[in-house]
Every structure is written in structure tokens, then in C-alpha cells.
Amino acid sequence: MARMKFLCDSERCIECNGCVTACKNENDVPWGVNRRRVVTLGDGEPGEKSISVACMHCSDAPCAAVCPVDCFYTTDDGIVLHDKDICIGCGYCSYACPFGAPQFPKNEAFGVRGKMDKCTFCAGGPEQDNSEAEREKYGRNRVSEGKLPLCAEMCATKALLAGDGDEVADIFRERTMKRSTRPDTWGWDVAYKDGSDDF
Amino acid sequence: MTSKRQRPKWLALFFGGVLILTAPLSLNLVLGSSPAGAEAEGEKAAADAPENPRSEYWGAVRHGVSGYSAVTGPEANVLIQSSGQTWRELRNGPASTIGAWLMAAVLLALGLLQIFKGTWKLDHRTGKTIPRWSVFDRVIHWGLALTFIALALTGLGLLFGRYVLMPLMGKEAFGALSAVSKPVHDYISPFFIVFLLLTLAAWMKHNIPKAHDWEWLKKVGGYLTHEHAPAGFINAGEKVWYWFLILGGIAVVVSGLFMLTPNFDWTRSTMQLSSIVHIASGIGLISFSFVHMFMSTIGNEGTFEAMVSGDVDERWAELHHDVWYDELMAERGSSGAKTESTAG
């Protein structure tokens with residue numbers, strides 16, 4: 001069984017926001033709600049880096065852990081989904097999520113937020129696959145059709161990868177080797193701060 | 001690096017919030033900014049490690065550095081916030097477990113008191129009554145009591161319902177119940193705030209500590225021995241409840257107001273801190289309210305009627321509030337003729 005993952009290659013992301021637009025269009029996401037966003041660090045400075053971020057479909061999802069009504073569930077593919085019929089719009093998932101994935105259609109006094117909305121990995125929700133009810137509440141269910149999330153499919157530079165974790169990792173490893181660089185995360189001088197450079 | 005994100009010192013904030021129950025939210029601002037020393041250290045480390053600058057880069061991301069995002073929204077430009085994990089562990093951990101044990105311990109203690117000492121009965125009733133609470137006093141008391149109970153039940157449902165009610169009711173039914181209890185909690189809260197402020201303001205004059213209160217506290221009000229301890233209009237235990245209501249009330253109201261107004265785009269760390277303070281102060285108030293409810297109903301004969309009819313039996317006043325009773329009698333003695341004429 002696959003374990004679905006997103007990976008954004010910061011060496012390739014050009015901050016075109018195509019993934020954001022593709023997601024909004026494919027899923028008919030309401031105004032003001034963005035399931036995916038691109039964040040640029042050091043914007044305008046040499047070496048600026050952009051990352052596309054959405055729900056990362058955590059194994060031990062913090063949103064699910066703090067949900068007062070336990071509306072989250074994880075599919076066999078490791079995709080974290082939620083049931084909007086149960087969601088009460090308390091906002092706790094958005095306090096707990098490291099990535100700012102949970103979004104709310106409203107943001108009003110007296111804690112009025114509406115039902116939480118987030119990236120579904122284009123896998124819909126608990127309703128019948130590809131039903132009208134599912135499309136209205138959660139957007140398109142591409143995974144049931146054997147397709148990957150549209151954000152990654154549309155990515156012009158193939159910075160954003162989505163799919164089974166092993167395959168995504170293989171692609172990224174190959175790229176890293178071809179670039180003759182090491183992965184950009186952490187690195188020797190952080191992992192072995194007190195050690196020597198003998199490795 | 002465009003900016004240094006605020007990093008709340010969570011442990012310090014937690015202990016401040018939970019132990020004192022009233023940690024003002026401004027602590028977030030005081031303790032939240034990262035010390036200058038740590039920043040300088042970070043920059044020095046970055047300068048020492050030019051080989052892979054990106055490693056520092058992603059380390060900073062892990063610690064909540066912010067950038068630019070074309071997508072607008074509160075904190076949309078932050079890639080990762082770590083304090084959510086701390087909040088999750090505090091909320092699902094100590095805040096819930098200590099809270100549950102505290103409430104259980106209070107209920108157990110009251111149950112034991114009732115089993116071993118029983119209701120503190122009046123030895124006799126004179127049949128003559130003394131006015132104790134005016135209509136206004138009773139209205140604000142019951143307004144506060146009913147809104148408090150509604151908030152307590154719905155609040156406890158949101159914190160513990162998933163573990164207590166959901167296994168009994170099923171996910172759908174509990175979700176439907178919570179979909180009602182959440183807005184009920186939100187919309188009742190302004191009424192609670194009004195009643196709380198009215199009550200605290202109206203009754204402050206009764207709750208100034210006096211010398212004899214110390215005697216009362218030393219005897220624990222006589223509840224363990226059923227020997228009466230000196231008390232004025234309000235006894236020392238009730239005064240402690242009053243001042244606890246002021247402190248806990250401020251904490252629960254201020255933290256609640258943050259969570260009630262997401263439209264002001266509070267940061268997530270503010271919401272997390274508010275949630276923990278809200279749970280701690282809420283459970284503190286609920287635990288104390290058990291004592292109050294017990295003492296004023298089955299714990300003491302003749303107390304509950306004071307808040308219903310507004311009058312108490314003279315014997316009750318003489319036994320439980322002797323200082324007040326003596327004052328009343330002295331007053332009555334000096335203007336005895338007048339009192340008798342109105343009574344007649």
C-alpha cells in the first residue's frame with residue numbers, strides 16, 4: 001500500500017503559484033480559502049527560496065489529536081481527511097497544525113468560522129467517491145480515478161512532487177545526486193556540529 | 001532572514017498560567033520575544049558554517065521564520081509553527097489529566113465529608129426570618145449560576161466529550177451535540193461576563209477580609225467538627241470563593257475573549273496560550289463551584305433558602321453568621337420600636 005506524500009524541491013520552485021491556482025480551480029475552493037500556498041524566504045535577496053506548502057498528511061496528525069469531535073481519519077494511503085458533517089468549526093486544528101493547513105470559510109466574532117477546509121490530496125472525503133455531495137464539500141476526488149493531486153501534476157518545474165513516499169524519495173534522491181549536492185535539509189555542519197569534517 | 005518570529009517560552013508561560021491561573025496574556029509579549037543573546041548566537045553559528053548555509057536556513061524555518069506569500073491570511077507567510085505541538089501536548093496531557101483529577105478529588109472530598117459528617121442541620125428554627133439577599137442580588141446570582149453551569153457543561157464537553165461521551169453516543173450524535181454546544185458556549189459567554197461583573201461589583205463590599213475570618217479559616221469553617229466559627233455577613237470560605245472568582249474570572253474571561261474573536265486575527269500562539277489559560281482557570285472555577293454548590297445545598301441546612309426566598313431563619317444566622325447576627329440585633333435594639341412596628 002502506498003504512503004502518499006508531498007515534497008517540494010526548493011531548488012526548482014519558482015514561486016509561480018500555479019499549484020495554488022490549480023488547487024483552487026480543481027476543487028472549487030471558496031473565496032478566501034487557500035488549501036495551498038507558496039512561501040518565499042529571503043524574498044528579493046540572493047539565494048531566495050520558495051516552498052509550496054499545504055496539508056502534509058502527517059502520520060500522527062496534530063489536527064486529529066486535538067479535534068474535540070474526532071472528525072479526522074487517515075485513509076489506507078496515509079491521506080489525512082476529515083468529515084465536514086461532524087466538524088464544528090472550533091479552529092483547534094488550526095492552532096495545532098505546524099503548516100497552517102486548516103482553513104476556514106468565515107472568520108467572525110463569536111468564534112464563527114464555518115466548517116474547516118483543507119487539502120485532501122485530491123482525495124475527497126467520506127462521501128461516496130465522485131458523488132455530487134463529495135465534490136461540493138471537498139472538491140475533486142482524483143485519487144479514486146488513479147490520478148495524483150493537480151497541484152503537483154500542474155507544477156511546471158516539477159518542483160512539487162506528490163505520490164507514494166518511496167517513489168517521491170527516489171526521484172528526489174536522483175535529482176540530488178545529479179546536482180552533485182547534498183540534500184538541503186540540515187547538512188553535516190548541523191547534524192555533526194561538534195564532529196570533524198573527516199567524513 | 002527577514003524577521004525573527006516570536007518564540008513563546010512555553011514552559012514558563014504554562015506554569016505561570018496554570019499555577020497562578022491568572023497569568024495575564026501580556027506575559028506572551030513580555031516573555032515571547034527571543035532573547036538578544038540567542039539571536040546573536042544563531043548568527044554567529046551561521047557565520048561559522050558557510051559550507052551549507054541552507055542547513056541554517058531550514059533550521060530557521062523549523063523555528064518559525066517568516067517569509068513572503070502571495071496568499072494573504074493570518075500567518076500565511078510562516079512555513080512552520082512549532083508551538084502547536086507544545087499546545088497539543090499540554091492540552092491533551094497535563095491540562096486535561098490534572099484537570100480531571102482535580103475535579104474528581106474535590107467531588108470525592110465532598111462525598112467523604114457528606115458520608116462522615118452528614119448535612120449540618122439546624123438544631124431548631126425560630127420561625128422568624130431575616131432578609132439576606134435582595135431581589136437584585138438573587139437575580140444576578142442565578143444569572144451568573146445558570147450561565148456558569150451552561151458554560152461549564154458545554155466547555156467540559158468540548159474538552160472531555162471525545163473521551164467520555166463519544167464512546168457512548170457514537171461519533172455522529174456527539175458531533176451533532178457538539179455542533180450545538182459550541183455556539184451555545186460562544187453566545188452565552190457575554191451574558192456570563194455581564195453577570196460576573198455585576199456580582200463581583202455588587203458584592204465586593206461584603207467580601208473585605210476581617211480579623212475574625214482568620215479564625216474561621218483556622219477552623220476550616222468548623223466543617224470537620226461541626227463547631228461554629230465566627231463569620232460576618234459573608235464567611236471566610238465564601239470570601240475565598242469570591243476572590244477566586246475575581247482572579248479566575250478575569251483569566252477565564254480574557255482568555256475566552258481571545259478565542260471568541262478570531263476576526264481580530266490573533267496569532268496561533270496567542271490562541272494556544274489562551275486555550276491553556278482557559279482550561280486551567282475554567283477547571284479551577286468548576287472545581288471550586290462544586291464546593292460552593294455543596295455547601296449551599298446539602299452541606300448546610302437553611303442556606304439554600306437564602307438564595308431562593310431571600311430570607312434566612314434567625315437561628316441559621318445566629319449559628320453560621322454570628323458576627324452579622326450580633327450586628328443586626330444591636331441595630332435592632334437601637335431602633336427596636338421601629339422594627340416592631342413594621343413587623344406588626
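Keep in mind that this is a model prediction, so the values were computed, not measured.

1. Overview of the overall build of chain B
Then step 1. The helix and strand tally for chain B stands at 15 helices and three strands.
Then step 2. Each of the 344 residues in chain B was classed as buried or not, and the buried ones make up 32%.
Then step 3. In chain B, once contacts between residues fewer than 6 apart in sequence are set aside, the share between residues at least 24 apart is 72%.

2. Points about the overall build of chain A
Then step 1. The helix and strand tally for chain A stands at seven helices and six strands.
Then step 2. A total of 199 residues make up chain A; the buried ones form 44% of that total.
Then step 3. Excluding contacts between residues fewer than 6 apart, the proportion of contacts in chain A whose partners are at least 24 apart in sequence is 54%.

3. Side note on the sheet that holds strand S3 (residues 49–53) of chain A
Then step 1. Strand order in the open sheet formed by three strands is S3(A)-S2(A)-S1(B), with antiparallel pairing between adjacent strands. Every interior strand has two partners, whereas the edge strands, S3 of chain A together with strand S1 (68–69) of chain B, have only one.

4. Overview of the packing of helix H8 (residues 171–203) of chain B against helix H10 (residues 236–260) of chain B
Any two packed helices are characterised by how steeply their axes cross, that is the angle between the axes, and by the distance between the axes.
All names here are of chain B.
Then step 1. With their axes 11 Å apart at the nearest point, H8 and H10 run at an angle of 150° to one another. In terms of orientation, H8 lies roughly antiparallel with respect to H10. Between H8 and H10 lies a crossing of left-handed hand. Facing H8, whose interface residues are Asp186, Ser189, Ile193, Leu196, Leu200 and Trp203, H10 presents Tyr242, Leu245, Ile246, Gly249, Val253, Gly256 and Leu260.
Then step 2. For the contact of H8 with H10, the per-class residue count stands at nine nonpolar, three polar and one charged.

5. Some details on the interface of chain A and chain B
Then step 1. With 44 residues of chain A at the contact, the number on the chain B side is 54 residues.
Then step 2. Contributions of two or more residues to the side of chain A that touches chain B are made by strand S2 (37–41), S3, helix H2 (62–66), helix H3 (92–96) and helix H7 (188–191) of chain A.
Then step 3. Taken together, the residues of the side of chain A that touches chain B sort by class into 25 nonpolar, 11 polar and eight charged.
Then step 4. When S2 of chain A meets S1 of chain B, the two strands line up antiparallel, connected through two bridges. Residue Thr40 of chain A lies in a different strand from S1 of chain B, and its bridge partner there is Tyr68 of chain B.

6. Concerning the packing of helix H6 (residues 135–164) of chain B against H8 of chain B
All names here are of chain B.
Then step 1. At a closest axis distance of 7 Å, the pairing of H6 and H8 adopts a crossing angle of 145°. In the packing of H6 onto H8, the handedness of the crossing is left-handed.
Then step 2. For the contact of H6 with H8, the per-class residue count stands at 15 nonpolar, 12 polar and two charged.

7. Describing the environment of Tyr223 of chain B
Residue and element names in this part refer to chain B.
Then step 1. For Tyr223, the location among the structural elements is in the loop between helix H9 (211–218) and H10.
Then step 2. Residue classification places Tyr223 among the partly exposed residues on the basis of 16 C-beta atoms within 10 Å.
Then step 3. Along the sequence, Tyr223 and Leu113 sit 110 residues apart, while their C-alpha atoms lie 8.3 Å from each other.
Then step 4. If sequence neighbours within four positions are ignored, Tyr223 has contacts with Leu113 and Lys117.

8. Some thoughts on unusual backbone geometry
Then step 1. At Cys122 of chain A, a residue that is not glycine, the phi angle is positive and equals roughly 50°.
Then step 2. Following the sequence through the fold, Cys122 of chain A ends up in the loop between H3 and helix H4 (132–138).
Then step 3. Its identity is not glycine, yet Val220 of chain B carries a phi of approximately 50°, on the positive side.
Then step 4. By the secondary structure assignment, Val220 of chain B is in the loop between H9 and H10.
Then step 5. Here Val220 of chain B falls in the exposed class, since 12 other C-beta atoms lie within 10 Å of it.

9. Regarding the environment of Trp87 of chain B
Then step 1. Structurally, Trp87 of chain B is set in helix H5 (residues 83–117).
Then step 2. For Trp87 of chain B, a count of 27 C-beta atoms within 10 Å corresponds to the buried category.
Then step 3. Distance from Trp87 of chain B to Met271 of chain B, taken between C-alpha atoms, is 9.5 Å for residues 184 residues apart in sequence.
Then step 4. Ignoring sequence-local partners within four residues, the contact set of Trp87 of chain B consists of Tyr95 and Ala96 of chain A together with Gln272, Ser275 and Ile276 of chain B.

10. Observations concerning the confidence of the model for chain B
All names here are of chain B.
Then step 1. When pLDDT is averaged along chain B, the result is 85; 81% of the residues meet or exceed 70.
Then step 2. Contacts of residues 1–8 to residues separated by more than four positions or lying in other chains number 26 contacts, the stretch itself having pLDDT below 50.
Then step 3. Among the prediction metrics, the complex's ipTM stands at 0.88, with pTM recorded as 0.84.

11. Concerning the pairing of S2 of chain A
All names here are of chain A.
Then step 1. Of all the five residues making up S2, five are buried; the element is thus mostly covered by neighbouring parts of the structure.
Then step 2. The alternating pattern of S2 places Arg37, Val39 and Leu41 and Val38 and Thr40 on opposite faces, both of which are buried.
Then step 3. Across five bridges, S2 lies against S3 in antiparallel orientation. Its bridge partner being in S3, Leu41 is matched across the sheet by Lys49.

12. Thoughts on the environment of Phe6 of chain A
Residue and element names in this part refer to chain A.
Then step 1. Within the secondary structure layout, Phe6 lies in strand S1 (residues 4–8).
Then step 2. For Phe6, a count of 23 C-beta atoms within 10 Å puts it in the buried group.
Then step 3. For the pair Phe6 and Asp70, spaced 64 residues apart in the sequence, the C-alpha separation amounts to 24 Å.
Then step 4. Apart from the residues within four sequence positions on either side, Phe6 is in contact with Ala54, Met56, Leu160 and Ala162.

What counts and what doesn't
- Residues numbered from 1 in each chain as written.
- Chains lettered and ligands numbered in written order.
- Predicted model: local features only at pLDDT ≥ 70, side-chain atom pairs only at ≥ 80, totals over all residues.
- Helix = DSSP H or I, 4+ residues; strand = E, 2+ residues; numbered from the N terminus.
- Buried ≥ 20, exposed ≤ 12 C-beta atoms within 10 Å, placed from the backbone.
- Contact = placed C-beta atoms within 7 Å.
- Pairing = 2+ DSSP bridges.
- Axes fitted to C-alpha atoms, helices over the stretch in contact; angles between N-to-C directions.
- Parallel < 35°, antiparallel > 145°, perpendicular 65-115°, else oblique.
- Left-handed = near helix turned anticlockwise from the far one by under 90°.
- Nonpolar A, V, L, I, M, F, W, Y, C, P; charged D, E, K, R; others polar.
- pLDDT = per-residue confidence, 0-100.

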